[in-house]
Amino acid sequence: MTEEARAREDICRIAKSMFDRGLTCGSSGNISVRLSDGNVLVTPTGSAMGFLDPAQISLLDARMRHVSGDAPTKEVPLHSAFYETRAQTGAVVHLHSTHSVALSMMQDVDADNVIPPLTPYTIMRLGRVKLLPFFLPGDPGMGDAVRGLAGKRSAVLLANHGPVVAGKDLWAAAFATEELEETAKLALLTRGIPINALTASQVDAVVKKFDVDWD
């Protein structure tokens, strides 16, 4: 099986798993993978992640121009911004997952680090997560906002919209996205309850041990 064929199969398999577990619904969410030749595979616009066909996945060239397959998601500028600013990015996952969206609407969250350090895995897989303001779906301004971070964040949370996570490969991006959603769920479940979150020294220890980008 070629690299591209395997990536097409993996996109569909991971997307269906996320859809089946309620991490995204309807025709929401999108996934992209950058191939070794610089081309990018991305889920089509208006497609349901639980019912993707590998043959219909959109193929874009290195300049993010449509080459073949169905028309790509309108969020291509958002994906492109991560590939342009983080050389280590091999895949991007964007969901409308419930708890992450709910957390993005809270008025008293830290916009510079919207996912609280409740577990070491949140820190290890995500680093700091920036809360970006509300944009209309498909607005190229979302990509500009990601570019404005100059590659310093692997994950952002779009206000009233959902998470966007970049990873070294598709599996890493998917696992990190799920970690973000689970931590958002924990944050909401424990909201207003006295808890023992990780201390600053514990966070620092995780950052140092696992060489996390924590700027």
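Check the entry above for the structure.
These numbers were taken from a predicted model, which means no experiment stands behind them. (Residues numbered from 1 in each chain as written. Predicted model: local features only at pLDDT ≥ 70, side-chain atom pairs only at ≥ 80, totals over all residues. Heavy atoms only, no water.)

This brings us to the pattern of salt bridges. Applying the stated criterion across every chain yields a total of twelve salt bridges. Here Arg 13 ties to Asp 10 by a salt bridge, and the two come within 3.0 Å at their closest N and O atoms. Residue Arg 13 and its partner Asp 10 are both found in helix 1 (residues 3–20); the two are separated by three residues, about one turn of the helix. Close ionic contact of Asp 204 with Lys 208 constitutes a salt bridge, the shortest N to O distance being 3.2 Å. Highlighted residues: Asp 204 and Lys 208, both in helix 7 (residues 200–209), separated by four residues, approximately one helical turn. With a relative accessible area of 62%, Lys 208 lands in the exposed category. Linked by salt bridges that have partners in common, Glu 84, Asp 144 and Arg 147 make up one network. (Salt bridge = Lys/Arg side-chain N within 4 Å of Asp/Glu carboxyl O. Helix = DSSP H or I, 4+ residues; strand = E, 2+ residues; numbered from the N terminus. Buried < 20%, exposed > 50% of the residue type's maximum accessible area, 1.4 Å probe, protein only.)

This paragraph deals with the environment of Leu 136. Checked against the element boundaries, Leu 136 lands in the loop between strand 6 (130–132) and helix 5 (141–147). A relative accessible area of 57% places Leu 136 in the exposed class. Linking Leu 136 and His 161, residues 25 residues apart in sequence, is a C-alpha distance of 9.1 Å.

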